[in-house]
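# Chains, contacts and geometry: an overview
Each chain is listed here by its residues.
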Amino acid sequence: MSDNYTYARPYAEAAFKTALDDNSLKDWKECLVIISEIVSDMNVKAILANPKVTNAKRMEFLESFLPKNTNNKIIHFLNILLETKRIFKAKEILEIYNSLEEKHSNIKIVVVETPYKLSSSEIKVLQNKFEKEYKSKIEIKSILTKELIAGMRIRIDDQVRDFSARNYLSQLQDQLVC
């Protein structure tokens, strides 16, 4: 586990616990997604890291991206992230928050990458297969990835199952080279 995740974990856990206590998981997730996307931009990082910009101005800048009726606890959380310089760990905080939410709701997110759009029946077959295997509710997130050529790549938790033509060709090349 990288240092970023080690530093982000207590903040993600605090955000999740607060959201759970307030019954506002959706609001927290929405704001964390927004902040994560914003902070990943290099220009925004430059603004937030600029010592000439006050924390009040940084906070005002970040709040401008959030919905108008954002919970005060979320605003306070962002302020803490700014003061502790953990705002740059927003992506990791979001990822940990998402995993905590998945565990809480007993839903696993399965990311399926294919070079073509999956039909609803294909998604249903995959969903049923993984629900039986993991004994949990499964949500399929389909991503179009042209580089795969054919086949699919499936990510569940920390597992990756690569059934792509690209992977098979790579394995074949490795065997021929040896």
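To keep things clear, this report deals only with the structure shown in the data block. Since the structure is predicted, the reported quantities are computational estimates derived from the model, not experimental observations. (Residues numbered from 1 in each chain as written. Predicted model: local features only at pLDDT ≥ 70, side-chain atom pairs only at ≥ 80, totals over all residues. Heavy atoms only, no water.)

### Here we look at the pairing of strand 2 (residues 137-144)
The line we're drawing: When DSSP finds two or more bridges between a pair of strands, those strands are recorded as paired. Each helix corresponds to a stretch of at least 4 residues labelled H or I by DSSP, and each strand to a stretch of at least 2 residues labelled E; elements are numbered beginning at the N terminus. The crossover handedness rule: strands pointing away from the viewer, path from first strand over the helix to second strand clockwise, crossover right-handed.
With eight bridges connecting them, strand 1 (residues 107-114) and strand 2 associate as parallel partners. Considered in strand 2, the bridge of Thr114 is made with Leu144. As a crossover connection, the stretch from strand 1 through helix 7 (residues 120-134) into strand 2 is right-handed.

### A look at unusual backbone geometry
The phi torsion at Lys85 lies on the positive side, around 65 degrees, for a residue other than glycine. Residue placement: Lys85 occurs in the loop between helix 5 (72-83) and helix 6 (90-105). In this structure, Lys135 takes a positive phi of about 50 degrees despite not being glycine. Checked against the element boundaries, Lys135 lands in the loop between helix 7 and strand 2.

### What about empty space enclosed by the protein?
One way to see where empty space is left: roll a probe the size of a water molecule over the atoms. Counted only if it meets this: Only protein atoms enter the calculation, which uses a 1 Å grid: trapped sets of points that fit a 1.4 Å probe without letting it out are cavities, open sets showing protein on both sides within 12 Å along at least five of seven lines are pockets, and any residue with an atom within 4 Å of a point is a lining residue. Grid points are joined across faces, edges and corners, and a volume is the space filled by probe spheres set on the points.
Evaluated as defined, the whole model comprises one cavity of 30 Å³ or more. One number sums up the size of the largest cavity: a volume of about 40 Å³. Lining the largest cavity, in full, are Leu48, Arg58, Leu82, Lys85, Ile87 and Phe88.

### As for the packing of helix 2 (residues 25-39) against helix 6
Selection rule: Only the stretch in contact is used when a helix axis is fitted, and all axes are lines through C-alpha atoms; the angle between N-to-C directions ranges over 0 to 180 degrees. Angle categories: roughly parallel below 35 degrees, roughly antiparallel above 145, roughly perpendicular from 65 to 115, and oblique for all the rest. A clockwise turn of the near helix away from the far one marks a right-handed crossing, whereas an anticlockwise turn of less than a right angle marks a left-handed crossing. Contacts were defined at the residue level, with two residues in contact if any of their heavy atoms lie within 4.5 Å.
Contact pair helix 2 / helix 6: the axes reach a minimum separation of 8 Å and the direction vectors enclose 155 degrees. Judged by the inter-axis angle, helix 2 sits roughly antiparallel to helix 6. Note on packing geometry: the crossing formed by helix 2 with helix 6 is left-handed. Across the interface between the two elements, Leu25, Trp28, Lys29, Leu32, Val33, Ile35, Ser36 and Val39 from helix 2 touch Ala90, Lys91, Ile93, Leu94, Tyr97, Asn98, Glu101 and His104 from helix 6.

### Describing the environment of Ser40
Quick note on the threshold: Throughout this description, a polar contact denotes any pair of N or O atoms lying within 3.5 Å of each other; where both atoms belong to protein, one of them has to be capable of donating a hydrogen while the other can accept it, and for residues adjacent in sequence the pair is counted only when both atoms sit in side chains.
Within the secondary structure, Ser40 sits in the loop between helix 2 and helix 3 (42-49). Sequence separation between Ser40 and Ala90 is 50 residues, and the spatial gap between their C-alpha atoms is 8.3 Å. Within the structure, the side chain of Ser40 is placed 2.7 Å from the backbone oxygen of Glu37, a separation counted as a polar contact.

### A closer look at the nonpolar core
A general tendency of soluble globular proteins is for nonpolar side chains to be buried together. Stated formally: What we call a nonpolar core is a set of buried Ala, Val, Leu, Ile, Met, Phe, Trp, Tyr and Cys residues that are connected through their side-chain atoms within 4.5 Å. Between buried and exposed lies partly exposed: a residue is buried under 20% and exposed over 50% of the maximum accessible area for its type, with that area taken using a 1.4 Å probe on protein chains only.
In terms of nonpolar packing, the biggest core is built from 31 residues, with Ile35, Phe77, Ile87, Ile93 and Tyr97 touching the most fellow members. Broken down by secondary-structure element, the contributors of at least two residues to this core are helix 1 (3-22), helix 2, helix 3, helix 4 (55-63), helix 5 and helix 6. Per element, the largest residue contribution to this core is seven residues, and it comes from helix 2. Discounting chain neighbours no more than four positions away, the residues touching Ile93 are Ala8, Tyr11, Ala12, Leu32, Phe77, Leu81 and Arg86.

### Brief notes about the pattern of salt bridges
Our working definition: Throughout this description, the term salt bridge denotes a Lys or Arg side-chain nitrogen within 4 Å of a carboxyl oxygen of Asp or Glu.
Counted by the stated rule, this structure contains ten salt bridges. When the shortest N-O distance is used, the salt bridge between Lys73 and Asp22 registers 3.2 Å. You can see Lys73 sitting in helix 5 and its partner Asp22 sitting in helix 1, a full 51 residues away along the chain. Classification of Lys73 by relative accessible area gives partly exposed; the value is 42%. By relative accessible area, which is 30% here, Asp22 ends up partly exposed. Glu95 is the partner of Lys91 in a salt bridge, and the nearest nitrogen-oxygen pair spans 3.3 Å. You can see Lys91 and its partner Glu95 sitting in helix 6, four residues apart, about one turn around the helix. A relative accessible area of 45% places Lys91 in the partly exposed class.

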